[in-house]
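Chain residues, written in single-letter form:
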Amino acid sequence: MTANAPIRTESLTKRYGDELAVRDLSLTVERGEVFGFLGPNGAGKTTTMRMLTTLTRPSSGEAWVAGAPITDRDAVVDELGYLPEEPPIHDELTGREQLEYVAGLRDSPGTETDERIRELLARFDLADDADDRISTYSKGMKQKTALIQALLHDPAVLFLDEPTSGLDPRAARTVRNLITELREEGMTVFLSTHILPVVEELADRVGVLHDGRLVAEGSPESLTHRAESGEESTLEEVFLEVTSERPGEAAGADAERSEFVR
Ligand SMILES: Nc1ncnc2c1ncn2[C@@H]1O[C@H](COP(=O)(O)OP(=O)(O)OP(=O)(O)O)[C@@H](O)[C@H]1O
């Protein structure tokens, strides 16, 4: 099961000069899971995503996406969709032109692609706006366009960096619902965000990165339930505790940090 996991890393490490941005990261995400990737600013989340999406080479360690080693860029890129925090979309194009352009980059023009674009535009409720320029789109419409372009080639694994940040509540709800639907269809989703309620709602499992290290991992329930005392804490309390410089300093934190570390 785990050997064929859609995402697997072993001692993945990235060093920038003297700085260790990601240290010895080993984790597995199973098929159909939404994995919530949390961590304070500068923890190493984006660096991890950039390694897994082949945009940055690891300094050491290994990783596989959909069974392919991340050193095999062509194989990995076919299997993944990536929504970065600032998606590359061109304001001067229409939504449809943007999607055709991205499909062309992947060398997949043709009637099948046109049909897929039509299908996704309809599904994301953008069909009526597809021939307007992106410069006229709201932030939510731009984000949906970026999500469609990440899904165009029907990837097995989707990497999302802050997919709801900056969206109004209705647009954020739409994006969250779409993620839920994709998971129900068997998509594996690696979701990095600072918004804890998004993780609470969507994630089957959570990993917390602090200073490049994985300091907690498990289902939201297993992280918030304190086995020793039987008490419940919130994900926010857990987050504050495992990412504090001094264990136990967060409000209400009374458990050892090691309780959360797997
Ligand atoms: N290209 C780079 N060159 C040098 N250092 C970098 C580079 N990219 C990231 N870093 C450093 O690596 C560390 C991790 O950064 P990263 O952007 O991965 O964190 P993050 O968890 O995504 O943060 P945020 O939540 O603020 O986006 C930071 O200390 C950052 O300064």
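For the protein, an unreviewed UniProt entry supplies the name ABC transporter ATP-binding protein and the organism Halorussus aquaticus.

### Some details on the pairing of strand β10 (residues 213–218)
Here five bridges tie strand β9 (residues 205–210) to β10, and the two strands are oriented antiparallel to one another. Within β10, the position partnered with V206 by the bridge is G218. Taken together, β9 and the strand that follows it, β10, pair antiparallel across an intervening segment of two residues, in which D211 is found at a positive phi of about 55 degrees.

### Some words on the sheet that holds strand β4 (residues 60–65)
Within a sheet, each strand pairs with its neighbour through backbone hydrogen bonds, oriented either parallel or antiparallel. Spatial ordering of the open sheet is given by β2-β1-β4-β5, a layout of four strands whose pairing is antiparallel. Strand pairing shows two members of the sheet lacking a second neighbour, β2 (19–29) and β5 (68–69), which therefore form its edges. The sheet contact formed by β4 and β5 spans two bridges and is antiparallel. The partner of V65 across the bridge, within β5, is A68.

### Some thoughts on the sheet that holds strand β3 (residues 34–38)
Spatially, the six strands line up as an open sheet ordered β6-β7-β8-β3-β9-β10, and their pairing is mixed. The two strands at the open ends of the sheet, each matched to only one other strand, are β6 (80–83) and β10. Looking at each pair of strands side by side, their axes are set apart by 15 degrees on average, direction ignored. In the packing of helix α5 (residues 139–151) onto the sheet, contacts are made with β6 and β7 (157–161), and the angle to β6 comes to roughly 160 degrees. In the packing of helix α6 (residues 169–184) onto the sheet, the strands contacted are β3, β7 and β8 (188–192), and the crossing angle to β8 comes to about 150 degrees.

### Let's talk about unusual backbone geometry
Of note, S11 is a non-glycine position whose phi angle comes to about 50 degrees, a positive value. By secondary structure assignment, the location of S11 is in strand β1 (residues 7–16). One non-glycine residue, T54, lies in the positive phi region at around 70 degrees. You can see T54 is positioned in the loop between α1 (45–52) and β4. Given 20 C-beta atoms within a 10 Å radius, T54 is considered buried.

### Description of the packing of α5 against α6
As a packed pair, α5 and α6 sit with axes 9 Å apart at the nearest point and diverge in direction by 20 degrees. For the element pair α5 / α6, the angle class is roughly parallel. Relative to α6, α5 is oriented so that their crossing is right-handed. Contacts from K139, G140, Q143 and L147 in α5 reach A171, T174, V175 and L178 in α6.

So, how was this worked out
- Residues numbered from 1 in each chain as written.
- Predicted model: local features only at pLDDT ≥ 70, side-chain atom pairs only at ≥ 80, totals over all residues.
- Pairing = 2+ DSSP bridges.
- Helix = DSSP H or I, 4+ residues; strand = E, 2+ residues; numbered from the N terminus.
- Axes fitted to C-alpha atoms, helices over the stretch in contact; angles between N-to-C directions.
- Contact = placed C-beta atoms within 7 Å.
- Buried ≥ 20, exposed ≤ 12 C-beta atoms within 10 Å, placed from the backbone.
- Parallel < 35°, antiparallel > 145°, perpendicular 65-115°, else oblique.
- Left-handed = near helix turned anticlockwise from the far one by under 90°.

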